[in-house]
Each structure stands twice: as C-alpha cells, then as structure tokens.
Amino acid sequence: MLKLFVTLGLLLVAASTDSESPPGAPGAPGAPGAPGAPGAPEVMKDEDKLSKVILPNIESSDVLQSVNPHNCVDRSIYKDIHKLEEIHNEQGYLCAYIAFQANKDPQDGVGLYHSKEDATERYKIFKKSVDEVNKINESKLSWTATINKFSDMTDAEREQWLGLRMPPKSELPEDKERPALGAGAPKSLGMGAPRGLGMGAPAGVN
C-alpha cells in the first residue's frame, strides 16, 4: 500500500498535456504572458536560477567536480522523459537535481531548501523518484509519469498535500483492512478511476 501511495505522489500526467498549445492559448507563442509577448515577465537568467540551488553532500568529491551547474539548468533535463531515462549514474542524478532546484517555484511544493542537510535528504528522495518514473514509463502504459513538485517530498508531505491520510494499523479493527488507495481523496485525483495508480485520471493532473 505504501508503494502505491508513493507512486501516486509522482502523479500521472496524460500525454495530451505535452501537446503543443493552440494559438492564443495561455503560454502559446504570441499569447498574453508568453515569452516575448508585450507585458510578459522577464525570463530568469541562469545565474539567478542557480542562486536557488544548494548542492547535496556526496561522498565522492569527484562527482561534484565533474558536474558543471551551468550545464544543468534546462528543465527538460528532468521533464523530458527521454532524457530522464538516460540517467544511470551519480553525475546524471546530480545534474537533474540541480535543474530541478533551479526551476523550482518557491511558492509551490516544499519550496526552496534552507540547508545542505535538507538538500542532501531530498536528493535521496529525488533519486528514488527518478528511478520510479523511469520504471513506470518503461511499461509503455497509456499515461506518462513525470518528475514534478511531489518528487522531493517525504511520504508524510505527499500525504498532507494530497489530502490523504492512511490511518495507523492501531486505529483499525483487527478484522478490517486498510482503506483502498484514494479513499477520501479529492475527485480530481482520480477517485473512482480503475484500480491501478489512477489510470484514466483526468488529463492535466499535476
């Protein structure tokens, strides 16, 4: 059950959400607020993005020295599933983690990290999330798993964010099983969808 819950924390994004935005849609070229459009917010420079990054403690100093943070700023490093599946070593994980932090929204998810200890613990969680996403996508299902704001959260943080509460075993009658995944969850999280980690959940769930 815990593994199912952790996978839900990755959340499933329908492939259709990656399709090109229609003309005039928010974020589409020329649309209000799109890069280059009148009144659009200034694009953050790489140096400003990297100022949000705290490197984790890694036993091998060679890894830190071999990764150039300036080459690890593009969000596609962790958002593009094809690039993600190419991550097989510590350098790859670290580069993706740098990009993940550099593109973080301070007001979303767990926000920015405040210490090297925090960054180190969340790096371990992030690496597991990368492996889990790749494992799911290798199955070639009808939906696509992705790295997102849940990918550096602890189980407790995911539970709180999603509004799920898995009661301790001590609170359950001996002849009762734990509630099925999704019990008490908001409908937008795939409540009522076929069993199996939200397959068929509404498109655009992030």
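Residues numbered from 1 in each chain as written. Predicted model: local features only at pLDDT ≥ 70, side-chain atom pairs only at ≥ 80, totals over all residues. Heavy atoms only, no water.

Help me get a handle on the state of the cysteines, residues and values and all.
Counted under the stated rule, the structure contains one disulfide. A sulfur-sulfur separation of 2.0 Å characterises the disulfide bridge that pairs C72 with C95. The sign of the -110° torsion about the S-S bond sets the C72-C95 disulfide as left-handed. In this pair, C72 is assigned in the loop between α3 (61-66) and α4 (76-79) and C95 in helix α6 (residues 90-102), connecting sequence segments 23 residues apart. (Disulfide = S-S within 2.5 Å. Helix = DSSP H or I, 4+ residues; strand = E, 2+ residues; numbered from the N terminus.)

Got a sec to walk through α6? Specific residues and values, please.
Helix length check: α6 (13 residues) gives 18 Å between terminal C-alpha atoms against 18 Å at 1.5 Å per residue, within 8%. The buried fraction of α6 is high, at eleven of 13 residues. All of the buried residues in α6 are G92, Y93, L94, C95, A96, Y97, I98, A99, F100, Q101 and A102. In this structure, the buried side of α6 is in contact with α2 (46-50), α3, α4 and α7 (116-138). (Expected span 1.5 Å × (residues − 1). Buried < 20%, exposed > 50% of the residue type's maximum accessible area, 1.4 Å probe, protein only. Contact = heavy atoms within 4.5 Å.)

Summarise the pattern of salt bridges; cite the residues concerned and give the values.
Close approach of charged atoms lets side chains of opposite charge pair. On inspection of all chains with the given rule, the structure shows seven salt bridges. Two residues, K149 and D108, come together in a salt bridge whose shortest N-O distance is 3.6 Å. In this pair, K149 is assigned in the loop between β2 (144-145) and α8 (155-162) and D108 in the loop between α6 and α7, connecting sequence segments 41 residues apart. Exposure remark for K149: the relative accessible area of 26% places this residue in the partly exposed category. The partner of R122 in a salt bridge is E157, with the nearest N and O atoms 2.9 Å apart. Residue R122 is located in helix α7, and its partner E157 is located in helix α8; the two are separated by 35 residues in the primary sequence. (Salt bridge = Lys/Arg side-chain N within 4 Å of Asp/Glu carboxyl O.)

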